[in-house]
Amino acid sequence: MESDRYVAQVKHVEVLSLAQLERLALEMDRIGQSRNKHGLVIVKRRAGRGCKTVRLVCMTEEAWHLSLH
């Protein structure tokens, strides 16, 4: 997924460790920087049929600081 300011990878998962999320965020940060954009990871947890969950938008601290300017 890509827009004028962001490049994002969307994951719909049952389980995603923090280490995996960190690797994805770093990868998207690198991709974003190479395109002069902010890299994001958007995660939606699969909680089972009928159980609603929210999407989480994740980025590295560096991407966060750059997005404020």
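In case you missed it, the structure is sitting above this.
So, how was this worked out
- Residues numbered from 1 in each chain as written.
- Predicted model: local features only at pLDDT ≥ 70, side-chain atom pairs only at ≥ 80, totals over all residues.
- Heavy atoms only, no water.
- Helix = DSSP H or I, 4+ residues; strand = E, 2+ residues; numbered from the N terminus.
- Buried < 20%, exposed > 50% of the residue type's maximum accessible area, 1.4 Å probe, protein only.
- Contact = heavy atoms within 4.5 Å.
- Areas by Shrake-Rupley, 256 points an atom, 1.4 Å probe, with all protein chains shown as cover.
- Lys, Arg positive; Asp, Glu negative; His and termini not counted.
- Charge placed at Lys NZ, Arg CZ, Asp CG, Glu CD.

1. Side note on the overall build of the protein chain
Along the protein chain, the regular secondary structure elements total two helices and three strands. Written out in order from the N terminus, the α and β elements of the protein chain read β-α-β-β-α. Reported as C-alpha extents along the three principal axes, the dimensions of the protein chain are approximately 40 × 25 × 20 Å. Relative to its full complement of 69 residues, the protein chain shows a buried share of 32%. Contacts spanning at least 24 positions in sequence make up 55% of the contacts within the protein chain whose residues lie at least 6 apart. Entry remark: accessible area of the protein chain is about 5,300 Å², with carbon and sulfur atoms responsible for 53%. Counting 12 positive and 8 negative side-chain charges, the protein chain places the averaged centre of each group 11 Å from the other.

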